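The lines below spell out each chain.
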Amino acid sequence: MMQENSLYKILFDGASSELLVEIVLRTLIMFLLILIILRISGRRGVRQLTLFEVAIILGLGSAAGDPMFQDDLPILHAILVFLTVILLYKGITWLTAKFSFVNKIMEGDPFVVVRDGEFAVNEENISSFSKMEFFAELRNESIEHLGQVRTAVLETDGSMSIIRFSKENIKFGLPLFPDDYIEIEPLQPEEGPFACMYCGKVLAIVGQNLTCPVCQKKRWTKAINTVTP
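Residues numbered from 1 in each chain as written. Predicted model: local features only at pLDDT ≥ 70, side-chain atom pairs only at ≥ 80, totals over all residues. Heavy atoms only, no water.

Student: Help me understand the overall build of the protein chain, please; the structure alone is not making it clear to me.
Tutor: Summing up its helical and strand segments, the protein chain has six helices and seven strands in all. Ordered by position from the N terminus, the helices and strands of the protein chain form the series α-α-α-α-α-β-β-α-β-β-β-β-β. With 229 residues in all, the protein chain has 31% of them scored as buried. Partitioning the intrachain contacts of the protein chain with sequence separation of at least 6 by distance along the chain shows that 59% fall at a separation of at least 24. Carbon together with sulfur atoms contributes 60% to the accessible area of the protein chain, which is approximately 14800 Å² in total. (Helix = DSSP H or I, 4+ residues; strand = E, 2+ residues; numbered from the N terminus. Buried < 20%, exposed > 50% of the residue type's maximum accessible area, 1.4 Å probe, protein only. Contact = heavy atoms within 4.5 Å. Areas by Shrake-Rupley, 256 points an atom, 1.4 Å probe, with all protein chains shown as cover.)

Below, the structure written as structure tokens:
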């Protein structure tokens, strides 16, 4: 009996019919306001969002959520927040279009992921390098190994721009699918070609404890040069 009372208190305590109707009306009003504000912002869809746009959406969501069910919060307060946020959005969008340094601060720079069939890893960008994340992005583009890719750039909105080698120019590269991405162990001196499992550097011959000249790692796998239809 006590459990039933506790459950009833959790689900229905203080919920009058007038309050429930008010919550429905508040939700409908706030939902329409969200649609109107997003339409005013000028975006025609969501697809890939920049960090700045994600922050705007989170701010709108917080401002819209509370007035939906808290009867002590006037909807006028949420409208004021919405107008302030959309003016801020429009202002910063104008600044990013006018001044390149503002755009760089707000959205960052495109990141070169692959260059000439190898991951573009160096001392400056190694901390930003997430190998498995890029593996997944490239696999989604039906790329079997890095030797098929001349250039791949991670754009500021999170999308990937890829320029492929022609079929005649495909080279040996690091395999991207699990069945082929297997470490050679133990590593004996033998002819390859082999690919570094971290940066994709391809060498014709590897030996025991060989260190990659690019990333200084010691894990190698068989390089492949298959042509994806």
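So that's the structure; there's more coming.
Student: Is there a simple way to think about the pattern of salt bridges in this case?
Tutor: In a structure, side chains of opposite charge can pair up when their charged atoms sit close to one another. The tally for this structure, following the rule as stated, stands at two salt bridges. The partner of D116 in a salt bridge is K171, with the nearest N and O atoms 3.1 Å apart. Linking D116 in the loop between β1 (111-115) and β2 (118-119) with K171 in the loop between β4 (160-164) and β5 (190-196), this pair joins segments that are 55 residues apart in sequence. Its relative accessible area of 42% is what places D116 among the partly exposed residues. The closest approach of N and O atoms between R219 and E183, which form a salt bridge, is 3.1 Å. Here R219 is found in the loop between β6 (202-206) and β7 (220-222), whereas its partner E183 is found in the loop between β4 and β5, with 36 residues between them in sequence. (Salt bridge = Lys/Arg side-chain N within 4 Å of Asp/Glu carboxyl O.)

Student: I tried to follow the sheet that holds β1 on my own but got confused; where do I start?
Tutor: Hydrogen bonds between backbone groups are what pair the strands of a sheet, and the pairing can be parallel or antiparallel. If you walk across this open sheet you meet the four strands as β2-β1-β3-β4, and the pairing is antiparallel. Both outer strands of the open sheet, β2 and β4, are each paired with one neighbouring strand and no more. Inspection of the sheet shows strand β3 (residues 149-154) paired to β4 by five bridges, in the antiparallel sense. Opposite L154, over in β4, you have M160 as the bridge partner. (Pairing = 2+ DSSP bridges.)

Student: Help me understand the nonpolar core in this model?
Tutor: Nonpolar side chains in soluble globular proteins tend to be buried together. Counting residues in hydrophobic clusters, the biggest one holds 19 residues, and the most contacted among them are V113, V114, F119 and L138. Of all elements in the fold, only β1, α6 (131-140) and β3 reach the threshold of two or more residues within this core. Not counting the four nearest positions on each side in its chain, L138 is found in contact with V114, F119, I143, L146, A152, I162 and L176. Counting 16 residues, the second-largest nonpolar core is a separate cluster that includes M30, F52, M68 and I86. (Core = buried A, V, L, I, M, F, W, Y, C linked by side-chain atoms within 4.5 Å.)

Student: What is the right way to look at the packing of aromatic side chains in this model?
Tutor: The description of an aromatic ring pair uses the distance of the two centres, along with the angle that the planes make with each other. Under the definition given, this model contains three aromatic pairs. Here F111 and F134 contribute two aromatic rings whose centre-to-centre distance is 6.0 Å and whose plane-to-plane angle is 25 degrees, an arrangement assigned as stacked. In this pair, F111 is assigned in strand β1 and F134 in helix α6, connecting sequence segments 23 residues apart. When its relative accessible area of 2% is taken as the criterion, F134 is described as buried. Centre to centre, the rings of F135 and Y181 are 5.1 Å apart; their planes meet at 85 degrees, and the pair counts as edge-to-face. (Phe/Tyr/Trp six-rings, centres within 6.5 Å; stacked < 30°, edge-to-face > 60°.)

Student: What is the right way to look at unusual backbone geometry in this model?
Tutor: In terms of backbone geometry, most residues other than glycine have negative phi values and most peptide bonds are trans. Positive phi values are uncommon outside glycine, yet S142 reaches one of about 60 degrees. Inspection of the secondary structure puts S142 in the loop between α6 and β3. Within the chain, Q216 stands out as a residue other than glycine whose phi angle is a positive 70 degrees. Mapped onto the secondary structure, Q216 falls in the loop between β6 and β7. The class for Q216 is exposed, based on a relative accessible area of 53%.

Student: I would appreciate a short explanation of helix α4 (residues 75-98) in the present structure.
Tutor: For an α-helix, the turn length of 3.6 residues means that residues three or four places apart are oriented alike. Helix length check: α4, at 24 residues, gives a terminal C-alpha distance of 35 Å against a target of 34 Å (1.5 Å per residue), a fit within 8%. Listed in full, the buried residues belonging to α4 are I75, A78, F82, V85, I86, Y89, I92 and T96. (Expected span 1.5 Å × (residues − 1).)

Student: How should the pairing of β1 be read in this particular structure?
Tutor: Side chains on a regular strand alternate between the two faces of the sheet. In this sheet, β3 lies alongside β1 in antiparallel orientation, the contact comprising four bridges. The residue of β3 that forms the bridge with V114 is A152. Alignment of β1 against β2, held across two bridges, turns out to be antiparallel. Looking across to β2, one finds that R115 is bridged to E118. Taken together, β1 and the strand that follows it, β2, pair antiparallel across an intervening segment of two residues, in which D116 is found at a positive phi of about 55 degrees.

From the geometry alone we can't say anything about function, so treat these as descriptive.
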